[in-house]
Amino acid sequence: MPEAFSESACGPAPYRTMQPSDSMPDTVAAKLSVQELSAWYGEKQVLIRVSLDIPERQVTAIIGPSGCGKSTLIRCFNRMHELVPAAKHRGSIQLDGEDIYANGVDPVLIRRRIGMVFQKPNPFPMMSIRDNVLAGLRLTSTRRADTDAIVERALQQAALWSEVKDRLGEPGTGLSGGQQQRLCIARALAVEPDVLLMDEPCSALDPIATTRIEDLLTTLRERYTIIIVTHNMQQAARVSQKTAFLLQGELVEFTETDALFTKPKDKRTEDYVTGKFG
Amino acid sequence: MSVVDPPRNSSRISGRPPSRALERAFRGLCLFAALLPVLVLAVLLFDVVRTGLGRIDVQFLTSFPSRRPQTAGILAGAVGSVWLVGLTAAIAVPVGVGTAVYLEEYARRGRLATLIEINISNLAGVPSIIYGLLGLELFVRALSMGRSLLAGALTLALLVLPIIIMATREALRTVPLALREAGLALGATQWQVVRQVVLPMAVPGVLTGSILAISRAIGEAAPLVVLGALTYVDFLPDGVTSPFSALPIQIFNWTSRPQAGFAVNAAAGIIVLMVTLLMLNGAAIITRNRMQKRLGR
């Protein structure tokens, strides 16, 4: 039984009525376990005692209106939140049972296990397609003999190999937006993370490129634990197995995606998914 | 009723236009202001080239100074300048880029960063002769370097440091935050991101700053005069501790001589200095443009 849920009962938010038993089968292990996570930018609190368990090898979507703390939440997962000046947090996040915020844990090593894809495609402009895929290894001076194999495998996984295999030496910025985003996914996968965080990865892409990325997620979840932030509810419904709804920094509801969209337990969730606000 | 209602559209765009005389006069004034410095420069250049061009020959380029203008040359000054500028760049570019990287990438907004920033802006406004005095006291006397190339280069390095720092900071600021985050999210340390992502993208800007700095250093005479650079040198520098002369010093010396022949030498020296400067700048600009193209910007 996941501990985060039982703990949340003692939190200050009485509306959390989720029952752990109906939201998560016991067979799925929690990859990331978030307990009582609060986060601030200076004096402004953007996350309020959020607790949730991210299941392994599934796609978990995080939805909510702009400014609800979705991006901050996943930036806490790979310790990117603390890079912003005056940012702070409280609470704990466990990756496979290990506290990633414990003393002596190097954020750099956490980020090698938890990869991230950003809102806008951001390939490195001075690097070729091939070098972009290998960027994680190059930047960290990791020597690997089988770079060709790594490049091919990562690009295959990102469903980009067939489109670029004949021009690996060309600059990554010469690709289309959707291809650039898949290149960024390949770049994240090349360092072989366990978890892949995606912060609105399709918001800068056209519908066709979006479909390709969504299809990709379905194959990627066989190997990776994926957490996707999206402002697009249809997208969450299409790609995810579980969905978390955040509102003004609070976790309102976290359950199976089907259940969240068809029979939400919280009135605010219902209002949001039926388009009454947002 | 229709008499008081003139057809609206036609009244707006047809009819007598407002007088443009004032605008034309202002435009003329601006054009004049823009042309004036160009004109002055052209006259100066023409005068220098007419006086000095005929004097430039192999003898002039390969001779040491002399009491007779006909046998005097710029070899010592030119070689001294090359040494000086090379050393200055070797000192100022690493220190300047390092300072800029610290201020932009590492320093937290706080007292120390503010203090450093204020000092850099102040340094940029200090007259060059003051740097000469500082160099004389600090490098020549206190650190007992004597009137050496090293003392000269260190002084010029201080002089051009603000230029390099400011240009580099500007360049670092243009590197998008998204690329830094991309690097960090891949598990790179901040140093790895700065070294392999941020700095390579800032190279064109760093080059621009270095060009400006070198151009400034190669033409400076005042601090070197204060420092005690020699005007009569009949040997070439053999190391950084060697006494030296420089082209601007040589030119300055010739212009203060009474014989007409030395005025011609000074003009010829100016041409050599200018051509060197233009070639240096040209080479650097070409390099920068090539790199910018490679970065796809």
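Conventions we followed
Residues numbered from 1 in each chain as written. Chains lettered and ligands numbered in written order. Predicted model: local features only at pLDDT ≥ 70, side-chain atom pairs only at ≥ 80, totals over all residues. Heavy atoms only, no water. Contact = heavy atoms within 4.5 Å. Buried area = accessible area lost by both parts, 1.4 Å probe. Salt bridge = Lys/Arg side-chain N within 4 Å of Asp/Glu carboxyl O. Polar contact = N/O pair within 3.5 Å; in protein donor to acceptor, adjacent residues only side chain to side chain. Helix = DSSP H or I, 4+ residues; strand = E, 2+ residues; numbered from the N terminus. Disulfide = S-S within 2.5 Å. Buried < 20%, exposed > 50% of the residue type's maximum accessible area, 1.4 Å probe, protein only. Pairing = 2+ DSSP bridges. Axes fitted to C-alpha atoms, helices over the stretch in contact; angles between N-to-C directions. Right-handed = clockwise from strand over helix to strand, strands pointing away.

1. Focus: the interface of chain B and chain A
Counting residues at the interface gives 18 residues for chain B and 26 residues for chain A. Surface buried jointly by chain B and chain A totals about 1,800 Å² across both partners, of which 66% is contributed by carbon and sulfur atoms. Our count for the chain B to chain A interface comes out at 1 salt bridge. Here glutamate 181 of chain B makes a salt bridge to arginine 75 of chain A, at a shortest N to O gap of 2.6 Å. Where chain B touches chain A, the interface holds 5 residue pairs in polar contact (both at pLDDT 80 or more). Sorting the residues of the side of chain B that touches chain A by element identifies α8 (177-185) and α9 (190-219) of chain B as the ones contributing at least two each.

2. Things to note about the state of the cysteines
Throughout the structure, instances matching the rule amount to 0 disulfides over all chains. You can see cysteine 184 of chain A has no disulfide; the closest cysteine sulfur is in cysteine 202 of chain A, sitting 12 Å from it.

3. Details of the pairing of strand β6 (residues 114-117) of chain A
Residue and element names in this part refer to chain A. Both faces of β6 are covered, namely the face carrying Ile114 and Met116 and the face carrying Gly115 and Val117. Here β6 runs beside strand β7 (residues 195-199); their pairing, made up of 4 bridges, is parallel. Pairing of glycine 115 across the sheet is with leucine 196, part of β7.

4. Re the sheet that holds strand β8 (residues 225-229) of chain A
Residues and elements named next belong to chain A. Pairing is mixed in the open sheet, where 6 strands are placed in the order β6-β7-β8-β3-β9-β10. For this open sheet the edge positions go to β6 and β10 (250-256), each flanked by a neighbour on one side alone. Neighbour to neighbour, the strand axes of the sheet diverge by 15° on average, direction disregarded. The strands touched by helix α10 (residues 207-220) within the sheet are β3 (59-63), β7 and β8, with β8 carrying the most contacts at an inclination of about 150°.

5. Notes on the pairing of β8 of chain A
All names here are of chain A. Within β8, 5 of the 5 residues are buried, leaving the element largely enclosed by the surrounding structure. Both faces of β8 are covered, namely the face carrying Thr225, Ile227 and Val229 and the face carrying Ile226 and Ile228. Two strands pair when backbone bridges link them, and β3 and β8 are joined in this way by 4 bridges, in the parallel orientation. Bridged to alanine 61 within β8 is isoleucine 228. The pairing of β7 with β8 spans 5 bridges and is classified as parallel. By the bridge assignment, leucine 197 is partnered in β8 with isoleucine 227. Taken together, β7, α10 and β8 constitute a β-α-β crossover, and its handedness is right-handed.

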